[in-house]
Amino acid sequence: MSKQKIYGYMRVSTKEQNEDRQRLALLEAGVAERMIYMDKQSGKDFNRVQYKRLLRKLDSDSVLFIKSIDRLGRNYTELNEQWRVITKEKGADIVVIDMPILDTRREKNLLGTLISDLVLTLFSYVAENERTNIKQRQAEGIAAAKAKGVQFGRPPLPLPDNFHIMREEWRNGTISMQKAAEACGMNPKTFYSKVIHYEKSV
């Protein structure tokens, strides 16, 4: 019998700082540090470098540990598909540390498989629903902040000293937009946008 290979997978988004909790949970579960793969990106899909490297190594002698189902992914359809790839195509086992019922090493019979599939379906749905809710809350927060006058992104550059003169000369037909824009160190599109914005504000 081949020796069982124990792997761990971690994922953190660039804004999250819970990497240590995941690593500690995997180490306590018996995963060696060198066998832990980690991606720092969103769980919306599985286009991740380290996950793909890990997937290539999995086979029927492998066990993959993850701390929670949402660390594997948050996209309901793709999460279920990757679970199928790992357990059915690769023949590997998956252990979700925070959800002991999602341990494919247990009860390999039909009932055990059915229970795991049902629980996975439920929790992968919850994981995606939470991702959707997070995005909605972020959008609502941004909209509320904008309504209060909060500015996002880089502050606009100040207008060049000669902008008003060039704007008036262009409006009077003395010079072309191209010439006015060049004199202000802008391209014509930017110059026109600045003119419109200024004229609406006065």
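These figures come from a predicted structure and were not determined experimentally.

Visitor: Lay out the overall build of the protein chain with the relevant residues and their values.
Guide: Helix and strand counts for the protein chain stand at eight helices and four strands. When its helices and strands are written in sequence order, the protein chain yields β-α-β-α-β-α-α-β-α-α-α-α. Within the span of the protein chain, comprising 202 residues, buried residues form 35% of the whole. Here the contacts in the protein chain between residues at least 6 apart in sequence split such that 62% fall between residues at least 24 apart. Here the protein chain has roughly 12800 Å² of accessible surface; of this, 54% comes from carbon and sulfur atoms.

Visitor: Outline the packing of helix α6 (residues 163-171) against helix α8 (residues 188-201), listing residues and values.
Guide: Across the interface, α6 lies against α8 with an axial gap of 11 Å and an inter-helix angle of 95 degrees. For the element pair α6 / α8, the angle class is roughly perpendicular. Contacts between α6 and α8 pair F163, H164, M166, R167, W170 and R171 from the former with F191, Y192, K194, V195, I196, Y198 and E199 from the latter. When grouped by side-chain class, the residues that make up the contact of α6 with α8 number eight nonpolar, one polar and four charged.

Visitor: Could you give me a rundown of the side chain of K67, with the residues and numbers involved?
Guide: Turning to its location among the elements, K67 is positioned in the loop between β3 (62-66) and α3 (69-72). Apart from the residues within four sequence positions on either side, K67 is in contact with R21, Q22, A25, L26, V96, I97 and D98.

Visitor: For a positive patch on the surface, give the residues involved together with the corresponding values.
Guide: A surface patch of like charges, here positive, comprises K52, R53, R56 and K57. Relative to the helices and strands, R53 is located in helix α2 (residues 49-57).

Visitor: I'd love a proper account of the pattern of salt bridges, names of residues and values included.
Guide: Scanning all chains against the criterion turns up eleven salt bridges. With its nearest N and O atoms 3.0 Å apart, the salt bridge here joins K67 to D98. Of the two residues, K67 sits in the loop between β3 and α3 while D98 sits in the loop between β4 (93-96) and α5 (110-147), which places them 31 residues apart along the sequence. Under the relative-accessibility criterion, K67 is labelled buried at 16%. Here D98 falls in the partly exposed class, since its relative accessible area comes to 42%. Two residues, R84 and E89, come together in a salt bridge whose shortest N-O distance is 2.8 Å. You can call R84 partly exposed: its relative accessible area is 34%. When salt bridges with common partners are traced through the structure, they connect E19, R23, E33 and K40 into a single cluster.

About the cut-offs
- Residues numbered from 1 in each chain as written.
- Predicted model: local features only at pLDDT ≥ 70, side-chain atom pairs only at ≥ 80, totals over all residues.
- Heavy atoms only, no water.
- Helix = DSSP H or I, 4+ residues; strand = E, 2+ residues; numbered from the N terminus.
- Buried < 20%, exposed > 50% of the residue type's maximum accessible area, 1.4 Å probe, protein only.
- Contact = heavy atoms within 4.5 Å.
- Areas by Shrake-Rupley, 256 points an atom, 1.4 Å probe, with all protein chains shown as cover.
- Axes fitted to C-alpha atoms, helices over the stretch in contact; angles between N-to-C directions.
- Parallel < 35°, antiparallel > 145°, perpendicular 65-115°, else oblique.
- Nonpolar A, V, L, I, M, F, W, Y, C, P; charged D, E, K, R; others polar.
- Patch = residues over 30% accessible without salt bridge, like charges linked within 9 Å, V, L, I, M, F, W, Y side chains within 5 Å.
- Salt bridge = Lys/Arg side-chain N within 4 Å of Asp/Glu carboxyl O.
- Lys, Arg positive; Asp, Glu negative; His and termini not counted.
- Charge placed at Lys NZ, Arg CZ, Asp CG, Glu CD.

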